[in-house]
Amino acid sequence: FPFAMAFVSPVSLLLLLSYGNVLDKYGPRGALSRSTLGCALTVFLAAAGIELSQRTGATFWGIPATKFISGPLFVFRESYVQLLTSQYWSFMASVLTPNQSAKWFAPIAGLTSISSVVGGTAVSFLSGRLNLSGTLVCTAIALVISLVATGSAYSIAETHGFSPDRQETKRAKKVDKAEKDMEKHAGLVEKATKLFARVPVLRALFLEILASQGLATLLNVCFVASVGATIQDDNVRAGWVGNFYALINVFSMTLQFGVLPLLMQYIEPKDLWRMTPIISLGFTTFQAVQKNPSLYIISASLLVMKVLEYSARRMLDEMVYVPLDFESRFVGKEIIGVFGYRFGKSLISLSLSGLTSLFGQFNLQSLSILSDVAALAWAKAAWDLSSLVPTRREAQESYEKRTKESKKMSTKRMSTKKPRS
């Protein structure tokens, strides 16, 4: 597993570079179609390879051939899942107004939580009847179904004139040719640097994600160590952990469907950005002052952090992109989504490994203190981000201004087209 995880970031980088080229050439709809089809085809071929290797019993150097397929498939899955989901959210951020996003993003995130539960349940059901290869074929079919649904969504948006088509891409093509050539050959880091400099809220969001994922990783380390030391029986421990994450989903969906849509009618997004990490900070501080924090105290800190991340943070994260331009929604979001979450976890894991090699193994109290420091860093990063997040009124005005400019340019292009003889 650790060896496979080492390849996730490089593969994510390759997929992101490929996505950028496809987006420039085919636009957001074409990029989503091609990336989804590519993922479905890869999963289907992996299923065929696993089925063939299991039937023939093929081995390489004494290792079952399925290992050489399942390992790369795991890396691919870890890499592409964020690539696809970010494109779905980019579409929704483009077709909904800021006021609409405040109302609907939380329930939509709630539906994704439900689908995750259904998918997890379906895996155990399907794998017992269709084996691994059959389950993978069902995954490929699900991706094709999602492609049909997204195609329908884009068609509806195009019919009613609010599709995130290539109008803004075409406007970007009017820049000076020399500047365009430089951008074409610019590396991903340089492109991200320029985008973050032009849109400061994206840079602040990237730093906030690094901080939040660092806290999530530390709390998870505390949780794994505590549950392993407290519950010795493997079956009992597995059941306890399963119930714990089920409880996280229940609380998250309660907030997504019943609380956040109503709450967002009365408070500004920037206020919720500030409140969210402070709630988590209260729990991590209580955990940090305990000489030997119990499993329930550590579990409470992780539960609160995960519930806030899955409900409020996920909604607020997507709302940031709604009033922004095309490049921010479809390029910046992918850069942040692919690297922000993974780099935050990798950075804290590498730092913790380095500290462990220097000072020895950390006990639960030391890990809890580090978690509290990470919670403080998250609160600071979220506060800095909140100062750049517009109010609902400002976001709506920015969205309407962007929409008017796009319609004006579209009308101008139509009027300058020469009629065919």
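Before any of the text, the structure's been laid out above.
None of these values were measured; they are calculated from a predicted model.

Trainee: Describe in detail the overall build of the chain, supporting the description with residues and values.
Mentor: Within the chain one finds 14 helices and 2 strands. Taking all 421 residues of the chain together, 42% fall into the buried category. Total accessible area on the chain is roughly 22200 Å²; 65% of this is exposed by carbon and sulfur atoms.

Trainee: How would you summarise the pattern of salt bridges if you had to cite specific residues and measurements?
Mentor: Within this structure, the stated rule accounts for 10 salt bridges. Linking Asp325 and Arg198 is a salt bridge whose minimum nitrogen-to-oxygen distance equals 2.6 Å. Of the two residues, Asp325 sits in the loop between helix 11 (295-321) and helix 12 (326-359) while Arg198 sits in helix 7 (residues 188-198), which places them 127 residues apart along the sequence. By relative accessible area, which is 44% here, Arg198 ends up partly exposed. Three or more residues joined by partner-sharing salt bridges are found here, namely Arg198, Asp325 and Glu327.

Trainee: Pulling in residues and values, what's your account of the packing of helix 8 (residues 200-230) against helix 13 (residues 364-386)?
Mentor: One way to put it is that helix 8 packs onto helix 13 with a least axis distance of 8 Å and a crossing angle of 160°. In terms of their interaxial angle, helix 8 and helix 13 are classed as roughly antiparallel. When the axes of helix 8 and helix 13 are compared, the crossing they make is left-handed. Split by residue class, the contact of helix 8 with helix 13 holds 21 nonpolar, 4 polar and 1 charged.

Trainee: Can you break down the packing of aromatic side chains residue by residue, with the values?
Mentor: For the structure on display, the rule yields 14 aromatic pairs. On the numbers, 6.0 Å between centres and 5° between planes, the contact of Trp240 with Phe244 is stacked. With a gap of 4 residues between them, Trp240 and Phe244 both fall in helix 9 (residues 234-263), about one helical turn apart. A connected cluster of aromatic rings, assembled from ring pairs, spans Phe223, Trp240, Phe244, Tyr245 and Tyr296. The ring centre of Tyr26 lies 3.6 Å from the NZ or CZ of Arg34, which sits over that ring.

Cut-offs and rules
- Residues numbered from 1 in each chain as written.
- Predicted model: local features only at pLDDT ≥ 70, side-chain atom pairs only at ≥ 80, totals over all residues.
- Heavy atoms only, no water.
- Helix = DSSP H or I, 4+ residues; strand = E, 2+ residues; numbered from the N terminus.
- Buried < 20%, exposed > 50% of the residue type's maximum accessible area, 1.4 Å probe, protein only.
- Areas by Shrake-Rupley, 256 points an atom, 1.4 Å probe, with all protein chains shown as cover.
- Salt bridge = Lys/Arg side-chain N within 4 Å of Asp/Glu carboxyl O.
- Axes fitted to C-alpha atoms, helices over the stretch in contact; angles between N-to-C directions.
- Parallel < 35°, antiparallel > 145°, perpendicular 65-115°, else oblique.
- Left-handed = near helix turned anticlockwise from the far one by under 90°.
- Nonpolar A, V, L, I, M, F, W, Y, C, P; charged D, E, K, R; others polar.
- Phe/Tyr/Trp six-rings, centres within 6.5 Å; stacked < 30°, edge-to-face > 60°.
- Lys NZ or Arg CZ within 6 Å of the ring centre and 35° of its normal.

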